[in-house]
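# Understanding the architecture of this molecule
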Amino acid sequence: MHRTSAPSRRRFLQAVSAGAASVALPAFAAWPDKPVRIVVTFPAGGASDIVARTLADQLGAKLGQAFVVDNRPGAGGSVGGLLVTQAPADGYTLMLSNSTPISIGPFALEKQPYDPVEGFTHIALIGTAPCVVMANPKAGLKTIADLEALARKNGRLDFGSGGPASIGHIYGELMKKELALNMVHVPYRGGAPMTTDLISGVVPVGIDVITAFVPYFKSGQIVPLAVTSANRSPLAPDVPSVVETGHRKLVLDNFFGLSGPAKMPADVVARLNTAVNEILASADIKRKMVELGITTSPVSQPAFAGFVREQVGQLAPTVKAAGVKL
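Attention in this report is confined to the structure presented alongside it. In this text the structure is predicted, and so the values were computed from the model without any measurement.

## Observations regarding the pattern of salt bridges
A side chain with one charge can pair with a side chain of the opposite charge if their charged atoms come near. Overall, the coordinates contain nine salt bridges when judged by the stated rule. Across the salt bridge formed by R53 and D49, the nearest N and O atoms sit 3.0 Å from each other. Of this pair, R53 and D49 both sit in helix α2 (residues 47-63), four residues apart, which is roughly one turn of the helix. Classification of R53 as partly exposed rests on a relative accessible area of 37%. Residues E148 and R152 are paired through a salt bridge, measuring 3.6 Å at the closest nitrogen-oxygen approach.

Here it is as structure tokens:
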């Protein structure tokens, strides 16, 4: 009868034990091991879509997996926002977040669909883009002080924006509240028709994200009064910030960030934050963002979450008090 030696038997038992362990324990794949979706809450072609596609390409190259943009517009960004809050918190559904679906849209609906602070993991800040307060040249306005004087003299001042609950609309409501002016919103279906009426003088003042308006400033068709950031915009370095005009409480930046469902794994969040900040350090990416009017702002994940909380605290009461509805 053949007898197994002690060393051979020991190796056999170790092999059996290891095999059993490999069957019993789940195999955890390193994230990401499949394509990652980035939800954009606006149609294709706009600034958010361009930022998302640029970021998707860069993240895909850096992390070795495809990042796919999924445009889900509607309800002031809340259609896409709700989709993300309801997705599994596994790092495979993310959102190109900004002020509309986070700080404005949810509060302009009859029933708030999600908590924009606690309903997400706010991962990384990509950058900020200010609005610009601007006027038709025939209105005779050069500064925010001129705007205040005209509004008080006439008892009313109309301002146009890209639509109800747009960032331009909410900024006008913020000005109305902080400066105690009777500013009346004139909504348009997008920035393009508002621009046409601003140039022709149908509406004397317009407020929108600065990106599309620099050519009109250079041609003299529109007069910029101030940008809404704490500092001047690299797109229009000759235009003062609202802080320079003495209105620190009127600072408001439209932000672009990367967010995901609440309670995402800490290691995935940390990896994404690091990857985004490394991407933003590239000179080519900085240049592309400046062309979109965006100042890149790499910060830690907690700092970005705090930024979002602060902006929601600033804008939610304004949206509600103004009775803005979508």
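The discussion continues.
## A closer look at the side chain of H185
With respect to the helices and strands, the residue H185 is situated in strand β6 (residues 183-187). For H185, the side chain forms a polar contact with the side chain of S161, separated by 2.7 Å. Polar side-chain contacts of H185 include one of 3.4 Å to the side chain of H169. Beyond its immediate chain neighbours, meaning those up to four positions away, H185 contacts F159, S161, G163, P164, H169 and E173.

## So, the environment of P187
With respect to the helices and strands, P187 occurs in strand β6. Classification of P187 as partly exposed rests on a relative accessible area of 44%. P187 sits 139 residues away from L326 along the chain, and the two C-alpha atoms are 12 Å apart. When neighbours within four sequence positions are excluded, P187 is seen to be in contact with S161, G163 and P164.

## Details of empty space enclosed by the protein
One pass over the full model with this rule turns up one cavity of 30 Å³ or more. There is about 30 Å³ of room inside the largest cavity. As for the largest cavity, its lining consists of V51, T54, L55, Q58, I126, I279, L280, I285 and M289. A per-element tally of the lining of the largest cavity places α2 first, with four residues. Considering only residue class, the lining of the largest cavity consists of seven nonpolar, two polar and no charged.

## Side note on the packing of aromatic side chains
All told, the structure shown has five aromatic pairs when counted by the stated rule. An aromatic cluster is defined as three or more aromatic residues linked by ring pairs; in this entry it consists of F255, F304 and F307. The residue whose ring lies beneath K34 is Y92, and the NZ or CZ to ring-centre distance is 4.7 Å.

## A short note on helix α7 (residues 191-200)
Regarding α7, the residues found buried are M194, T195, D197 and L198. Residues of α7 that are buried in the fold lie against β4 (120-135), β5 (157-161), β7 (205-209) and α8 (214-219).

## A closer look at helix α9 (residues 266-280)
Between its first and last C-alpha, α9 extends 21 Å over 15 residues, near the 21 Å set by a 1.5 Å rise per residue. What α9 keeps buried is the set V268, V269, L272, N273, A275, V276, N277, I279 and L280.

## Section: the pairing of β6
For β5 and β6, the ladder comprises five bridges, and the chain directions are parallel. Looking at the pairing, D158 lines up with V184 of β6. The handedness of the β5 to β6 crossover, carried by helix α6 (residues 167-179), is right-handed.

## Comments concerning the layout of surface pockets
Here the largest pocket defines a volume of roughly 970 Å³. Looking at the largest pocket, it is lined by 39 residues, and the ones nearest its centre are F42, S166, G191, D208 and V209. Breaking the lining of the largest pocket down by element, the ones donating at least two residues are α2, α6, α7, β7 and β9 (253-261). Here the lining of the largest pocket is composed, by residue class, of 19 nonpolar, 18 polar and two charged. Size it by volume and the second largest pocket reaches roughly 180 Å³. Surrounding the second largest pocket, R248, K249, V251, L252, D253, F307, E310, Q311 and Q314 form its lining. Among the elements that take part in the lining of the second largest pocket, helix α11 (residues 301-321) stands out by supplying four residues, more than any other. Tallied by class, residues from the lining of the second largest pocket come to three nonpolar, two polar and four charged.

Scoring rules and cut-offs
- Residues numbered from 1 in each chain as written.
- Predicted model: local features only at pLDDT ≥ 70, side-chain atom pairs only at ≥ 80, totals over all residues.
- Heavy atoms only, no water.
- Salt bridge = Lys/Arg side-chain N within 4 Å of Asp/Glu carboxyl O.
- Helix = DSSP H or I, 4+ residues; strand = E, 2+ residues; numbered from the N terminus.
- Buried < 20%, exposed > 50% of the residue type's maximum accessible area, 1.4 Å probe, protein only.
- Polar contact = N/O pair within 3.5 Å; in protein donor to acceptor, adjacent residues only side chain to side chain.
- Contact = heavy atoms within 4.5 Å.
- 1 Å grid on protein atoms, 1.4 Å probe; cavity = no way out; pocket = protein on both sides within 12 Å on 5 of 7 lines; lining within 4 Å.
- Points joined across faces, edges and corners; volume = space filled by probe spheres on them.
- Nonpolar A, V, L, I, M, F, W, Y, C, P; charged D, E, K, R; others polar.
- Phe/Tyr/Trp six-rings, centres within 6.5 Å; stacked < 30°, edge-to-face > 60°.
- Lys NZ or Arg CZ within 6 Å of the ring centre and 35° of its normal.
- Expected span 1.5 Å × (residues − 1).
- Pairing = 2+ DSSP bridges.
- Right-handed = clockwise from strand over helix to strand, strands pointing away.

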